[in-house]
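# Residue-level structural notes
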Amino acid sequence: MRHVAIAYLCYNSNSMTHNYDLYHQMLLIRRFEERALAEFSAGKLFGTTHAYIGQEADAAAIFEMLNSRDIVWSNHRCHGHFLAYGGDPYRLAAELMGKATGLVGGRGGSQHIHWRNFYSNGIQGGIVPVATGMALAQKVQKTGGIAVVFCGDGTLGEGVLYESLNISALWQLPVLYVVEDNRYAQTTPVEKGLSGSFRARFEAFGIKTFELESSDVLTITPYAEEAVQFVRDNSRPAALILHTYRFSAHSKGDDPRDRDTIAKIRAEFDPLTIQAARLTTIEIDQAESEVSMVVDAAFTRAHADPFPVL
Ligand SMILES: Cc1ncc(C[n+]2csc(CCOP(=O)(O)OP(=O)(O)O)c2C)c(N)n1
Ligand SMILES: [Mg+2]
């Protein structure tokens, strides 16, 4: 996460560095998640995990537009959001292991983490009214910050979300609702779980809505910037609907799609492949070696840490 003004400068003045930074950010998420899945399979972690693999461009684009006053509410698929927020991979790895040095002392696990103004909770939809309430606090306290809350396509089936949209529109609260439509809610395809349209849900409440389908971080960035700025400048809610793909299973193994289908999606919509095409081989290798070192150090150090005293 960078300050908006700095992000803007980087975006315009040094596009090579900016392209590298975005790639580096997404690669960190990818390699962290791959390692987490491998460690779960090896029985080294507790609880559950929901990998963000395939959706990295969303987080990279959005978090670049936020600053330290902004409050973020993430969901069960929170690792990518947390790393893009600037969170420490080591403390996240320790949390997945239930270690005392984890983000919340090893008590929250994969889905329930907190650091600075970043929160996550695995109850689908439950975070939406909380984030909306925090947006009210931001407004009353005149902090200049906004609230951002992430939901999946399946979470649009939760009724409490619509109460929140109603209140935030009525009270003009600075909250950005980000919907990451990865086309599945666990094993249910979106066409079996969602009637009508994504956009109409928000527009019914008079909420300004931005929507796009892309796995290219540079395509998503201007939409993220406009959506965040709209909320910040007008103290009004907005929705940012991002149609994307997840490449891994819902959690550790549940996936109705066959291997060929996933391979086809990966070949066309991998945000890392798309962004790598803008870099030199040297840059790609450099990012890989930096990220591998960070992820390996995070997990190795966390493994050596103690469990909390009960
Ligand atoms: C209230 C509630 N019901 C059910 C679950 C179990 N659950 C966890 S994730 C999930 C699917 C979520 O789908 P979606 O909102 O599309 O997010 P995605 O997993 O695709 O990112 C379900 C049913 C839950 N965590 N909370
Ligand atoms: Mg989904």
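### Here's the deal with the pattern of salt bridges
- For the coordinates displayed, the defined rule picks out 13 salt bridges.
- With a shortest N-O distance of 2.5 Å, Arg30 and Glu56 are connected by a salt bridge. Placement of the pair is Arg30 in helix H2 (residues 15-41) and Glu56 in helix H3 (residues 56-63), with a sequence separation of 26 residues. We note that Arg30, like Glu56, is buried.
- Glu34 serves as the salt-bridge partner of Arg31, at 2.8 Å between the closest nitrogen and oxygen. With Arg31 and Glu34 both in helix H2 and 3 residues apart, this pair spans about one turn of that helix.
- One network of salt bridges, in which partners are shared, links Arg30, Glu56 and Asp270.

### Thoughts on the environment of His243
- Locating His243 in the fold gives a position in strand S9 (residues 238-243).
- Its relative accessible area of 11% is what places His243 among the buried residues.
- When the C-alpha atoms of His243 and Asp58 are compared, they prove to be 9.4 Å apart, with 185 residues separating the residues in sequence.
- At 2.7 Å, the side chain of His243 and the side chain of Asp181 are in polar contact.

### Some thoughts on the pairing of S9
- Buried residues dominate S9, accounting for 6 of its 6 residues.
- Because side chains alternate across S9, one face comprises the buried residues Ala238, Leu240 and Leu242, and the other comprises Ala239, Ile241 and His243, equally buried.
- Bridge count between strand S5 (residues 175-181) and S9: 6 bridges; the pairing is parallel. Each bridged residue has a counterpart across the sheet, and for Leu176 the counterpart in S9 is Ala238.
- Here strand S8 (residues 208-213) runs beside S9; their pairing, made up of 6 bridges, is parallel. What sits directly across from Lys208, in S9, is Ala238.

### With respect to the state of the cysteines
- If you walk through the whole model with that rule in mind, you get 0 disulfides.
- Of the cysteine sulfurs around Cys78, a residue in no disulfide, the closest is that of Cys151, at 14 Å.

### Let's talk about the site of ligand 1
- Ligand 1 sits among 15 residues. The nearest are His76, Arg77, Gly122, Gly154 and Thr155.
- The protein chains hide 75% of the 580 Å² of surface that ligand 1 would expose on its own.
- Class assignment of the residues belonging to the shell around ligand 1 gives a composition of 3 nonpolar, 9 polar and 3 charged.

### Considering the pairing of S5
- A large share of S5 lies buried, amounting to 7 of its 7 residues.
- Burial along S5 is two-sided: the face carrying Val175, Tyr177, Val179 and Asp181 and the face carrying Leu176, Val178 and Glu180 are both buried.
- In this sheet, S5 lies alongside strand S4 (residues 147-152) in parallel orientation, the contact comprising 6 bridges. If you follow Cys151 over to S5, its bridge partner there is Val179.
- Where the polypeptide runs from S4 across helix H7 (residues 160-170) and back to S5, its parallel neighbour, the crossover connection is right-handed.

### A short note on the packing of H3 against helix H10 (residues 217-234)
- Contact geometry for H3 and H10: axes closest at 8 Å, N-to-C directions at 40°. On the basis of their axis angle, the class for H3 and H10 is oblique. Pair H3 / H10 crosses with right-handed handedness. Along its contact with H3, which presents Ala57, Asp58, Ala60, Ala61 and Ile62, the element H10 presents Val217, Ile220, Thr221 and Ala224.
- Looking at the contact of H3 with H10 residue by residue, the classes come out as 7 nonpolar, 1 polar and 1 charged.

Analysis parameters
- Residue numbers run consecutively from 1 along every chain, following the written order of its sequence.
- Throughout, the order in which chains and ligands are written sets their labels, letters from A for the former and numbers from 1 for the latter.
- Only residues with pLDDT of 70 or above have their local features reported here, since the model is predicted, and side-chain atom pairs are shown and tallied only from 80 upward, although totals for entire chains, interfaces and linings are computed over all residues.
- Excluded from the side-chain calculations are hydrogens and water; all other atoms, namely the structure's heavy atoms, are used.
- In what follows, salt bridge is the name for a side-chain nitrogen of Lys or Arg lying within 4 Å of a carboxyl oxygen of Asp or Glu.
- Starting at the N terminus, helices and strands are each numbered in turn, a helix being any DSSP run of H or I of at least four residues and a strand any DSSP run of E of at least two.
- Throughout this description, buried means an accessible area under 20% of the type-specific maximum (1.4 Å probe, protein chains only), exposed means over 50%, and partly exposed covers the range between.
- Any pair of N or O atoms that falls within 3.5 Å is considered a polar contact. Within protein, one atom must be able to donate a hydrogen and the other to accept it, and sequence-neighbouring residues count only if both atoms are side-chain atoms.
- Whether two strands pair comes down to DSSP finding at least two bridges between them.
- Here, a disulfide means two cysteine sulfur atoms that sit within 2.5 Å of each other.
- Nearness here has a simple test: a residue counts as near a molecule or strand if at least one of its heavy atoms is within 4 Å of that partner.
- Only the protein chains shown count as cover for residues, and the accessible areas themselves come from Shrake-Rupley with a 1.4 Å probe.
- Residue classes follow a fixed rule: Ala, Val, Leu, Ile, Met, Phe, Trp, Tyr, Cys and Pro count as nonpolar, while Asp, Glu, Lys and Arg count as charged, and any other residue, Gly among them, counts as polar.
- Looking down the strands as they point away from you, a crossover is right-handed if its path from the first strand over the helix to the second goes clockwise.
- In this description, a line fitted to the C-alpha atoms serves as the axis of each element, helices being fitted only across the stretch in contact, and the angle between N-to-C directions of two axes falls anywhere from 0 to 180 degrees.
- When describing relative orientation, an angle under 35 degrees is termed roughly parallel and one over 145 degrees roughly antiparallel, while 65 to 115 degrees is termed roughly perpendicular and anything else oblique.
- Crossing chirality is assigned from the near helix's rotation relative to the far helix, an anticlockwise turn below a right angle marking it left-handed and a clockwise turn marking it right-handed.
- Should any heavy atoms of two residues lie within 4.5 Å, those residues are counted as being in contact.

Everything listed is a geometric property; what it means functionally is a separate question.
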